[in-house]
Amino acid sequence: MSESRVHEYLKAKGYADRITIHDELIDTVEHAAQVIGVSEGQIAKTLSFLVDDRPVLIVMAGDVRVNGGKFKHAFGSKPHMIPRDQVEELIGHAPGGVCPFAVKDNVEVYLDASLKRFDRVYPAAGDSYSSAVFTIEELKDVSNAKGIVDVCKEETA
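Right, let's walk through the structure included here.

### Describing the overall build of the protein chain
Helix and strand counts for the protein chain stand at 5 helices and 9 strands. Walking the protein chain from its N terminus toward its C terminus, one meets helices and strands in the order α-β-α-β-β-β-α-α-β-β-β-α-β-β. Relative to its length of 157 residues, the protein chain is compact, with a C-alpha radius of gyration of 14 Å against a globular reference of 15 Å. Expressed as a percentage of the 157 residues in the protein chain, the buried residues total 50%. By sequence separation, contacts in the protein chain at least 24 residues apart represent 63% of the contacts at least 6 residues apart. Just so you have it, the protein chain exposes about 8000 Å², and 45% of that area is on carbon and sulfur atoms. Looking at charge distribution, the protein chain has the averaged site of its 18 positive side-chain charges lying 6 Å from that of its 25 negative ones.

Put into C-alpha cells, the structure is as follows:
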C-alpha cells in the first residue's frame, strides 16, 4: 500500500512527525485546504507527466496551473499528463495520493517556483487521507528533487 510505503520512507528520512492522518477525505486541493485549515496555495499538489516517455512529477502550489509554454521551455516538450489509469503503475502512487516520496526509481521530481511564496506547504502522503508538512528546503531534500522549475501561471479570479 502506497500510504504505508510513504510513511516508512518519511520515517527513515527523519520526518515521521510531519505526517497527519485525517478523518476526512483530502483528495482535492479544495478538500485538503479546508481539512488542514490552510490556503489552497499552501497545498503542494503533485502532478505527473510524461517527458520523452519518462515519468516526471512536478510539485506546485495548489492555486496555480501549468503553463504550456513555460513547461516546454523547461522540459523541451509540451506537458502530457500521465493517463489516470497509468499513474500508479508509472509513479507508484494512485491518483488522490500522489506525492513526491517513495516513488519508483526512474521518476524525476521537480518543485515549481510557485511554492516559494510559503513558509510551509502540505503535500499528500500516499493516500487520500494523509498529508505532511514541510518547508520548501525540507521538501526539496526529502523528495530528492532535481531542482526548482518555473512552469506555472497563477490562477486568476
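### Overview of the side chain of S77
Residue position: S77 is located in the loop between α3 (68–75) and α4 (84–91). Accessibility expressed as a relative area gives 14% for S77, which makes it buried. With residues near it in sequence (within four places) discarded, S77 still touches V51, F71 and K72.

Calculation notes
- Residues numbered from 1 in each chain as written.
- Predicted model: local features only at pLDDT ≥ 70, side-chain atom pairs only at ≥ 80, totals over all residues.
- Heavy atoms only, no water.
- Helix = DSSP H or I, 4+ residues; strand = E, 2+ residues; numbered from the N terminus.
- Rg over C-alpha atoms; globule rule 2.2 N^0.38 Å.
- Buried < 20%, exposed > 50% of the residue type's maximum accessible area, 1.4 Å probe, protein only.
- Contact = heavy atoms within 4.5 Å.
- Areas by Shrake-Rupley, 256 points an atom, 1.4 Å probe, with all protein chains shown as cover.
- Lys, Arg positive; Asp, Glu negative; His and termini not counted.
- Charge placed at Lys NZ, Arg CZ, Asp CG, Glu CD.

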